[in-house]
Amino acid sequence: MADVDYERDEQMLEARRLKRLEMRRKRMIQKRITLGVALLVLVVLVVVIVRSCGGDTPETENADPPPTVPENNVQLPVEPEPKTSTATLAAVGDIMVYDSQLEDARKDDGTYDFLPCFAPVGDLLAAADITVGNFEANFAGSPYSGKPDFRAPEDLAKTLGGLGFDILQTANTYSIQNGIESGLTNTINVIRGAGMDTLGTYLSAEDRDENQVVLKEANGIKVAFIAFTKGLNSLSVPEDKSYCVDLMYTDYNTNFSNVNRAALTSAVEKAKGLEPDVIVAMLHWGSEYVVQPSASQNEVAELLINAGVDVILGTHPHVVGPMEQRTVTVDGQEKNVFIAYSLGNFMAAMGRDDPYLEESVILNLEFTKDQNAGTTTISAVNYVPVYQFDNGEGAINRYEVRSAYDVLASDPDEDTKKLMEDTIALLKTNTASAFDRGN
């Protein structure tokens, strides 16, 4: 079904392009007809005037023929054609590795293969121009383990890079779980070594200056990314390493009550200095297992939007939260902004009884730039409902992330069919939106 969806999307885009070309062709034909009629009338008038000036003088065989205007020399007025371009962004939530996932991915030779987990949605991830997610673990070397240290094998970075991920948010609960050097530093180096960008954590003050804003360009559209985390799992950053993580609160290791307004607005200003068309803020915020945003989240969202952010992508609650598109006025200009308060768990075998931990989404945003006007808008928003299946310890591939619609199209048993239908309904309720892409 993923291939069908992808082909359908490609056909839709091609149909839109052909429709635009057909409209331009019709407008040009109409202009030619109008000019042709005007020229014909002009020729007739010239003939009538010449004949009237000649009185009753009979025409002779040597009389000059009526003037003609060669068709090839007709100069049509040239109007600038609307020039637009589009870029797409795919975003997913938390990518975590628990012990059972490590056991499932481990091969006989000691390496790890995570591709089977993501393969069913690989086309959806690769289809976007830019793909991002929240990596909530460390590449801190062996021994590999799940909770509480979340030390993931480097093979996972290679898999994510191969699937088309461009940016992994590393500013989150586990940024320094395994220490500054063995945890944070190694994680940054492994991710960058796999061809992706890290977002929100840094090797040095100079690295922060250079990479606090990650700028990506697709089809002539520049998208700037920044990231912040609410806290660090009750850990504190050493005073001499204050550069290493972008923190949303000044009291990040206690009450999360004092929003770090200066740091947030400074990052946005730095992003604006790169003259992007779109600014995206990836935020690790909110409360675990809580769907509705808090007053503090609303305060941060308002601050960032007023500063110039266009899109907010949230993680940390492990469940999918509300999504909304607003029309706001910033610096006297009206524009649309989009907020996804939480994208849920994309890969995490949490083993808890809390609802909605397996349901997640692949969020898709489309940006369209009018090259003539120099404006960029959020032209489309949708999400694909996905579910992380646990097929049991005896399965060849125990864990799989699959599109709910693909599962329904595979003629599942009644229990699985109901599970997917409930997943789709729950996500519509939790997102409080109609952004579901549909089957």
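Conventions used here
Residues numbered from 1 in each chain as written. Predicted model: local features only at pLDDT ≥ 70, side-chain atom pairs only at ≥ 80, totals over all residues. Heavy atoms only, no water. Helix = DSSP H or I, 4+ residues; strand = E, 2+ residues; numbered from the N terminus. Buried < 20%, exposed > 50% of the residue type's maximum accessible area, 1.4 Å probe, protein only. Contact = heavy atoms within 4.5 Å. Areas by Shrake-Rupley, 256 points an atom, 1.4 Å probe, with all protein chains shown as cover. Polar contact = N/O pair within 3.5 Å; in protein donor to acceptor, adjacent residues only side chain to side chain. Pairing = 2+ DSSP bridges. Axes fitted to C-alpha atoms, helices over the stretch in contact; angles between N-to-C directions. pLDDT = per-residue confidence, 0-100. Core = buried A, V, L, I, M, F, W, Y, C linked by side-chain atoms within 4.5 Å. Patch = residues over 30% accessible without salt bridge, like charges linked within 9 Å, V, L, I, M, F, W, Y side chains within 5 Å. Salt bridge = Lys/Arg side-chain N within 4 Å of Asp/Glu carboxyl O. Lys, Arg positive; Asp, Glu negative; His and termini not counted. Charge placed at Lys NZ, Arg CZ, Asp CG, Glu CD.

Undergrad: Looking at this structure, I do not really get the overall build of the protein. What am I missing?
TA: When you go through the protein residue by residue, the secondary structure sums to 11 helices and 14 strands. Across the 439 residues in the protein, those meeting the buried criterion constitute 47%. Intrachain contacts of the protein at a sequence separation of at least 6 include 71% that bridge at least 24 residues. If you sum the accessible surface of the protein, you get close to 21,400 Å²; carbon and sulfur atoms cover 49% of it.

Undergrad: Got a minute to help me understand the environment of Thr173 in this structure?
TA: Within the element layout of this structure, Thr173 appears in the loop between strand 3 (167–169) and helix 6 (180–193). A C-alpha to C-alpha distance of 8.6 Å links Thr173 and Ser234, two positions 61 residues apart in sequence. Residue contacts for Thr173: discarding those within four places in its chain leaves Glu136, Thr229, Gly231, Leu232, Asn233, His284 and His316. Reaching out from Thr173, the side chain makes a polar contact with the side chain of Glu136 at a distance of 3.4 Å. Only 3.1 Å separates the side chain of Thr173 from the side chain of His284, close enough to count as a polar contact.

Undergrad: Can you help me understand the sheet that holds strand 9 (residues 323–330) in this one?
TA: The strands that make up a sheet are held in pairs by hydrogen bonds between backbone atoms, and each pair lies either parallel or antiparallel. In space, the 6 strands of this open sheet follow the order 5-6-7-8-10-9, with mixed pairing throughout. Two strands close off the open sheet at either side, each with one partner strand: strand 5 (214–218) and strand 9. This sheet shows a mean twist of 20° between the axes of neighbouring strands, independent of strand direction. In terms of strand pairing, strand 8 (residues 311–315) meets strand 10 (residues 333–340) through 3 bridges, oriented parallel. Among the inter-strand pairings, Ile312 is bridged to a residue of strand 10, identified as Ile339.

Undergrad: Is there a simple way to explain the confidence of the model for the protein in this structure?
TA: Close inspection of predicted coordinates is inappropriate for parts of the model with low pLDDT. The share of residues in the protein with pLDDT of 70 or more is 81%, and the mean pLDDT across the chain is 87. Here residues 23–35 is modelled with pLDDT under 50, and outside its nearest four sequence neighbours on either side it reaches 7 contacts, counting other chains as well.

Undergrad: Please clarify how the nonpolar core should be interpreted in this entry.
TA: In terms of nonpolar packing, the biggest core is built from 73 residues, with Phe225, Ile312, Leu313, Phe338 and Leu363 touching the most fellow members. In terms of residue count, the dominant contributor to this core is strand 6 (residues 221–229) (7 residues). Counting residues in hydrophobic clusters, the runner-up holds 43 residues, among them Ala157, Met196, Val319 and Tyr399.

Undergrad: Which parts of the structure should I look at to understand unusual backbone geometry?
TA: Outside of glycine, negative phi angles account for most residues, and trans bonds account for most peptide bonds. For the peptide bond that leads from Ser142 to Pro143, omega is 5°, which places it in the cis range. Counting through the fold element by element, Pro143 comes out in the loop between strand 2 (130–135) and helix 5 (154–163). Cis rather than trans, the peptide bond between Lys147 and Pro148 has omega equal to 10°. With respect to the helices and strands, Pro148 occurs in the loop between strand 2 and helix 5. The phi dihedral of Asn233 falls on the positive side, at around 60°, and the residue is not glycine. Here Asn233 lies in the loop between strand 6 and helix 8 (261–272). For Asn233, a relative accessible area of 37% translates into the label partly exposed. Even without being glycine, Glu275 reaches a positive phi, approximately 55°. On the secondary structure map, Glu275 appears in the loop between helix 8 and strand 7 (278–284).

Undergrad: What exactly am I supposed to notice about a negative patch on the surface here?
TA: A cluster of acidic residues, Asp411, Asp413, Glu414, Asp415 and Glu421, forms a negative patch on the protein surface. Its place among the elements puts Glu421 in helix 11 (residues 414–431).

Undergrad: Quick question: what am I supposed to make of the pairing of strand 7 here?
TA: Successive side chains on a regular strand alternate, one facing one side of the sheet and the next facing the other. Counting buried positions along strand 7 gives 7 out of 7 residues, so the element sits mostly inside the fold. Side chains of strand 7 alternate between two faces, with Val278, Val280, Met282 and His284 and Ile279, Ala281 and Leu283 buried alike. Relative to strand 7, strand 6 runs parallel, the two sharing 7 bridges. Among the inter-strand pairings, Phe228 is bridged to a residue of strand 7, identified as Leu283.

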